[in-house]
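Overview (structure and organization)
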Amino acid sequence: REIDQRAAAFGLEVIPCIQTLGHLEQVLQWPQYAEMRDSRSRVRMGHASSLALVESMISTLSGVLRSRRIHIGMDEPFGVNTTP
């Protein structure tokens, strides 16, 4: 919040970036996220728990920053849902 406040004082907008499909190795390494894992770093698209995780991340950042914009990544669409 402090960064957001300081940026706003200079007329700047802090836009968060959330990785919503891939680059999630740090989350997916834990057993409780195993069911949503498509690969070591990617969640399974369309899986209910994957959607819940992304919604939670967006909700968390939406609550602390002024910006109504969020960069959602999505630069990893190759090979999605390759895990049976």
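Model, not experiment: these values are computed from the prediction.

Rules and cut-offs
Residues numbered from 1 in each chain as written. Predicted model: local features only at pLDDT ≥ 70, side-chain atom pairs only at ≥ 80, totals over all residues. Heavy atoms only, no water. Helix = DSSP H or I, 4+ residues; strand = E, 2+ residues; numbered from the N terminus. Buried < 20%, exposed > 50% of the residue type's maximum accessible area, 1.4 Å probe, protein only. Contact = heavy atoms within 4.5 Å. Areas by Shrake-Rupley, 256 points an atom, 1.4 Å probe, with all protein chains shown as cover. Salt bridge = Lys/Arg side-chain N within 4 Å of Asp/Glu carboxyl O. pLDDT = per-residue confidence, 0-100. Core = buried A, V, L, I, M, F, W, Y, C linked by side-chain atoms within 4.5 Å. Expected span 1.5 Å × (residues − 1). Polar contact = N/O pair within 3.5 Å; in protein donor to acceptor, adjacent residues only side chain to side chain.

Observations concerning the overall build of the protein chain
A count of helices and strands for the protein chain gives three helices and zero strands. Taken from N to C terminus, the helices and strands of the protein chain fall in the order α-α-α. Within the span of the protein chain, comprising 84 residues, buried residues form 25% of the whole. In the protein chain, 59% of the contacts between residues at least 6 apart in sequence involve partners at least 24 apart. Surface exposure of the protein chain reaches about 5,800 Å², of which carbon and sulfur atoms provide 58%.

Quick word on the pattern of salt bridges
Two side chains that carry opposite charge are able to pair once their charged atoms sit near each other. Taken as a whole and judged by the stated rule, the model has four salt bridges. Here Arg6 makes a salt bridge to Glu2, at a shortest N to O gap of 3.1 Å. Residue Arg6 and its partner Glu2 are located together in helix α1 (residues 2–9), separated by four residues, close to a single helical turn. Each member of the pair, Arg6 as well as Glu2, carries the same accessibility label: exposed. Residue Asp38 is joined to Arg42 by a salt bridge in which the shortest nitrogen-to-oxygen separation is 3.4 Å. Grouping residues by exposure puts Asp38 and Arg42 together as buried.

Structural notes on the confidence of the model for the protein chain
Detailed reading of the predicted model is not advised wherever pLDDT is low. Across the protein chain, the average pLDDT comes to 86, with 89% of residues at 70 or higher. For the protein chain, helix α3 (residues 48–62) is the element with the lowest average pLDDT, namely 89, and α1 is the one with the highest, namely 94.

A closer look at the nonpolar core
Core analysis: the largest hydrophobic core is formed by six residues, namely Leu21, Leu24, Leu28, Met36, Val43 and Leu53. When residues no more than four places from it in sequence are discounted, the contact partners of Leu24 are Gln19, Ser41 and Val43.

Some words on the side chain of Ser50
Within the fold, Ser50 resides in helix α3. Beyond its immediate sequence surroundings of up to four residues, Ser50 is in contact with Met36, Val43 and Arg44.

Points about α3
For α3, with 15 residues, the first-to-last C-alpha span of 21 Å sits near the 21 Å given by 1.5 Å per residue. Packed against the buried residues of α3 are α2 (25–28).

A look at the environment of Ser39
Locating Ser39 in the fold gives a position in the loop between α2 and α3. Residue Ser39 is classed as partly exposed on the basis of its relative accessible area, which comes to 22%. Separated by 15 residues in the primary sequence, Ser39 and Leu24 have C-alpha atoms spaced 9.6 Å apart. Within the local environment of Ser39, its side chain forms a polar contact with the backbone nitrogen of Arg42, the two atoms lying 3.2 Å apart.

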